[in-house]
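What follows is each chain in one-letter form.
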Amino acid sequence: VQLQASGGGLVQAGDSQRLSCAASGRTVSSYTVAWFRQAPGKEREFVAAIFRSYGRPVYGETVKGRFTMSRDNAKNTAYLQMNSLKREDTAVYYCAADSSLIYSSLTNADAYDYWGQGTLVTVSS
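**Student:** Describe the pattern of salt bridges, naming the residues involved and giving the relevant values.
**Tutor:** Within the structure shown, the criterion is met by 4 salt bridges. The closest approach of N and O atoms between Asp89 and Arg66, which form a salt bridge, is 2.7 Å. In this pair, Asp89 is assigned in the loop between β8 (77-82) and β9 (91-98) and Arg66 in the loop between β6 (57-59) and β7 (67-72), connecting sequence segments 23 residues apart. Owing to a relative accessible area of 11%, Arg66 belongs among the buried residues under this scheme. Through salt bridges with shared partners, one network takes in Arg37, Glu45, Arg66 and Asp89.

Dropping the structure here:
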């Protein structure tokens, strides 16, 4: 499975941005798909995930209420809609996927086998 994250760029605080994660090589409709981010000098942080093909999105506390994750299984693509962006949202955003991850490991980056290359989101004030 190859994952390609896109949609990053420079935005103003308060703006919205949508990231995409396109999968290829295999249909990932039954996989758990997640977004993580890593800011300079910080550890990788869980952002959002959808467990397998039917789960409701789960969000990290810092993005809850502002970010929305969705997936289009027909397009083999996941999305992260980011609203009300803040400077502290500046980071490289990664998408990840796994076919056998258990629910209790949803927020654990080490549990995911497949990773995209990351897309940089920079929020300026």
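**Student:** I'd like a rundown of the sheet that holds strand β3 (residues 17-24), residues and numbers included.
**Tutor:** Taken together, 4 strands build an open sheet; the order of strands is β1-β3-β8-β7 and the sheet is antiparallel. Whereas interior strands pair on both sides, the edge strands pair on one side only; in this sheet they are β1 (2-6) and β7. This sheet shows a mean twist of 15° between the axes of neighbouring strands, independent of strand direction. Where β3 meets β8, 6 bridges bridge the pair, whose relative direction is antiparallel. Residue Cys21 lies in a different strand from β8, and its bridge partner there is Ala78.

**Student:** Before we move on, could you go through the side chain of Gln17 and cite the residues and values that matter?
**Tutor:** On the secondary structure map, Gln17 appears in strand β3. Under the relative-accessibility criterion, Gln17 is labelled buried at 15%. When sequence neighbours within four positions are dropped, the list of residues in contact with Gln17 reads Gly7, Gly8, Gly9, Val11, Leu80, Gln81, Met82 and Leu85.

**Student:** Break down the nonpolar core for me, with residues and values.
**Tutor:** Trp35, Val47, Phe67, Met69, Leu80, Met82 and Tyr93 are the most contacted members of the largest nonpolar core, which has 28 residues in total. The dominant element in this core, judged by the number of residues it contributes, is β9, at 4 residues. Sequence-distant contacts of Met69, that is, excluding residues within four places in its chain, are made with Val33, Ala34, Trp35, Ala48, Ala49, Ile50, Pro57, Tyr59, Ala78, Tyr79 and Leu80. With 10 residues, the next largest nonpolar core counts Ala34, Phe51, Ala96 and Ala109 among its residues.

**Student:** Tell me about the environment of Ala97, and name the residues and values.
**Tutor:** Inspection of the secondary structure puts Ala97 in strand β9. Exposure remark for Ala97: the relative accessible area of 1% places this residue in the buried category. Note: C-alpha distance between Ala97 and Gly14 (83 residues apart in sequence) is 29 Å. When near neighbours in sequence (up to four residues on either side) are disregarded, Ala97 contacts Leu3, Tyr31, Thr32, Val33, Tyr112, Asp113 and Tyr114.

**Student:** Kindly report on the packing of aromatic side chains, identifying the contributing residues and their values.
**Tutor:** Tallying each qualifying case throughout the model produces 7 aromatic pairs. Ring centres of Tyr31 and Tyr114 lie 6.3 Å apart, and the angle between their planes is 35°; this geometry places the pair in the tilted category. One end of the pair, Tyr31, is in the loop between β3 and β4 (32-38); the other, Tyr114, is in strand β10 (residues 114-115), with 83 residues separating them in the sequence. Residue classification places Tyr31 among the buried positions, given a relative accessible area of 5%. A residue is classified by how much of its surface remains accessible, and Tyr114, at 25% relative accessible area, is partly exposed. Measuring from centroid to centroid gives 6.3 Å for Tyr112 and Trp115, while their planes differ by 70°, and the two rings are edge-to-face. Its relative accessible area of 4% is what places Tyr112 among the buried residues. With relative accessibility at 27%, the residue Trp115 sits in the partly exposed group. Members of the aromatic cluster, each reached through a chain of ring pairs, are Phe36, Phe46, Tyr94, Tyr112 and Trp115. Sitting over the face of the ring of Tyr94, Arg44 holds its NZ or CZ atom 4.1 Å from the ring centroid.

Parameters and conventions
Residues numbered from 1 in each chain as written. Predicted model: local features only at pLDDT ≥ 70, side-chain atom pairs only at ≥ 80, totals over all residues. Heavy atoms only, no water. Salt bridge = Lys/Arg side-chain N within 4 Å of Asp/Glu carboxyl O. Helix = DSSP H or I, 4+ residues; strand = E, 2+ residues; numbered from the N terminus. Buried < 20%, exposed > 50% of the residue type's maximum accessible area, 1.4 Å probe, protein only. Pairing = 2+ DSSP bridges. Axes fitted to C-alpha atoms, helices over the stretch in contact; angles between N-to-C directions. Contact = heavy atoms within 4.5 Å. Core = buried A, V, L, I, M, F, W, Y, C linked by side-chain atoms within 4.5 Å. Phe/Tyr/Trp six-rings, centres within 6.5 Å; stacked < 30°, edge-to-face > 60°. Lys NZ or Arg CZ within 6 Å of the ring centre and 35° of its normal.

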